[in-house]
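Breakdown of the fold
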Amino acid sequence: MNLEKLKSNPKMPKHIAFILDGNGRWAKRRGLLRSLGHKAGFDNLKKQVKFVQELGIKNLSLYCFSQENWNRPKEEVDYLMNIFSDMIDEFRKDYLDKDIRILISGDLDDERVPYETRVKAKKLIEDTKEKTGFVINACINYGGRQEIVRAVNNIIKSGANAINAEDFDNYLYTKDLLPLDFIIRTSGQLRTSNFMPWQSTYSEWYFPKKLWPSFSKRDLVKSLKLFMRRNRRFGAIKE
Ligand code: IPE
Ligand code: IPE
Ligand code: MG
C-alpha cells in the first residue's frame, strides 16, 4: 500500500464516518456469543481509529450505539455499555497528551447510560475541547432525528425566531466538525438507521459487505479510492 501517495491526494475526504455494523453476525458465523462480536469490533475500532489518523483525515465519526439499540436484550446493552466505558478510558490514556479532540455525540443525560460513563464522557469532552489536530466523534446513545429536535428546542430557548441552515449547524453536536464527506456502513445493510440525517445530505455513501470486525486497513484504503473516483457535483454541473 502506497500510503504517502494516498495521503497527498487532494481528493482525500476530510471527515469520514463508520457505521460499525455486523458484529453480531460476525460472532454468529463463528458460533460465538454476540458479545464476542462486539469485543472483536472494539478491537478493530482501535486499529482503524489510529489508521484514519495516520492517513491525515481530520475528523472521524463513529456510530457506536443508537437510541434504538436500547431495544436489544439487557445483557447485550450492558456489555456494550461496559465497552464504551473502556473505550473512554482508553481514549483518555492514549490521546489526552496529543492534539486530539474527543467528542461524544448523543444524549449523555440519559439515566440509562451508567452514571460513571456519563461523567467520564463529559470530562473527556471538556478536557480535549481546545484540541484541533484530529477529532474523534463517537456517537453513543445517538439519534439523528433526536439531535434535530434537540437543536430546535435549543433554538426556541435562545429566543431566535428565524434562522437559516448555516445557523442551524451551530446547534448540532457536529458544529465544530468539517462537512461529512464519506460514510461507510459495513455488513451490507442498505439503510442509514438514524445516522446524521442533517449532516449527510451531500455525503457519499458506501456499503461494503464485510462485517465490521473483519473490515481491514486494506478495506479502508479500497473504500477511500472508491470515494476519490466519485464525481461530487453538489447540484452543479461538473465533468
Ligand atoms: C453493530 O453490530 C454494533 C451495534 C449496533 C452496537 P450489530 O450488533 O448490529 O451486528 P449485527 O447487525 O447484528 O450483525
Ligand atoms: C446501526 O446498526 C447502529 C449502529 C451501528 C450503532 P443497527 O444494527 O442497530 O441497525 P439496524 O437495526 O440494522 O437498522
Ligand atoms: Mg446491526
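Preceding this section is the structure that the text describes.
What counts as what
Residues numbered from 1 in each chain as written. Chains lettered and ligands numbered in written order. Predicted model: local features only at pLDDT ≥ 70, side-chain atom pairs only at ≥ 80, totals over all residues. Heavy atoms only, no water. Near = heavy atom within 4 Å. Polar contact = N/O pair within 3.5 Å; in protein donor to acceptor, adjacent residues only side chain to side chain. Areas by Shrake-Rupley, 256 points an atom, 1.4 Å probe, with all protein chains shown as cover. 1 Å grid on protein atoms, 1.4 Å probe; cavity = no way out; pocket = protein on both sides within 12 Å on 5 of 7 lines; lining within 4 Å. Sits in = over half its atoms within 2 Å of the grid points. Helix = DSSP H or I, 4+ residues; strand = E, 2+ residues; numbered from the N terminus. Nonpolar A, V, L, I, M, F, W, Y, C, P; charged D, E, K, R; others polar. Buried < 20%, exposed > 50% of the residue type's maximum accessible area, 1.4 Å probe, protein only. Phe/Tyr/Trp six-rings, centres within 6.5 Å; stacked < 30°, edge-to-face > 60°. Salt bridge = Lys/Arg side-chain N within 4 Å of Asp/Glu carboxyl O.

Quick look at the site of ligand 2 now. Taken together, Ile19, Leu20, Asp21, Tyr63, Cys64, Phe65, Ser66, Asn69, Arg72, Arg185, Arg191 and Ser193 make up the full set of residues near ligand 2. Asparagine 69 is positioned such that a nitrogen or oxygen atom in its side chain is 2.8 Å from an oxygen atom of ligand 2. Here ligand 2 loses 79% of its free accessible area of 390 Å² to cover by the protein chains. Most atoms of ligand 2, that is more than half of them, are within 2 Å of grid points of the largest pocket. Among the elements that take part in the shell around ligand 2, strand 2 (residues 59-66) stands out by supplying four residues, more than any other. Residue composition of the shell around ligand 2, by class: five nonpolar, three polar and four charged.

Moving on, we come to unusual backbone geometry. A positive phi angle is found at serine 187, which is not glycine, with a value near 85°. Take serine 187: it is sitting in the loop between strand 5 (182-185) and strand 6 (204-206). One non-glycine residue with positive phi stands out, namely phenylalanine 234, at about 50°. In this structure, phenylalanine 234 sits in the segment after helix 8 (217-229). Its relative accessible area of 46% is what places phenylalanine 234 among the partly exposed residues.

For the coordinates displayed, the defined rule picks out 14 aromatic pairs. Where phenylalanine 18 meets tryptophan 212, the ring centres are 5.0 Å apart and the plane angle is 55°; that geometry is what we call tilted. Within this pair, whereas phenylalanine 18 is found in strand 1 (residues 15-19), its partner tryptophan 212 is found in the loop between strand 6 and helix 8, the two being separated by 194 residues in sequence. There is no split in this pair, since phenylalanine 18 and tryptophan 212 are both buried. Aromatic rings pair up to connect Tyr63, Tyr142, Tyr173 and Phe195 into one cluster.

This part covers the pattern of salt bridges. Tallied over the full model, the rule gives 23 salt bridges. In this structure, the salt-bridge partner of lysine 74 is aspartate 78, at a minimum N-O distance of 2.7 Å. Of this pair, lysine 74 and aspartate 78 both sit in helix 4 (residues 74-95), four residues apart, which is roughly one turn of that helix. In this structure lysine 74 comes out as exposed when scored by relative accessible area, which is 57%. Accessibility expressed as a relative area gives 34% for aspartate 78, which makes it partly exposed. Among the salt bridges present, the one from aspartate 127 reaches lysine 123, with a minimum N-O distance of 2.9 Å. In this pair, aspartate 127 and lysine 123 both sit in helix 5 (residues 115-127), four residues apart, roughly one turn of the helix. Here aspartate 127 falls in the partly exposed class, since its relative accessible area comes to 32%. When salt bridges that share partners are traced, they join Lys39, Asp43, Lys46 and Glu90 into one network.

Take it as geometry only, folks, not as evidence of what the structure does.
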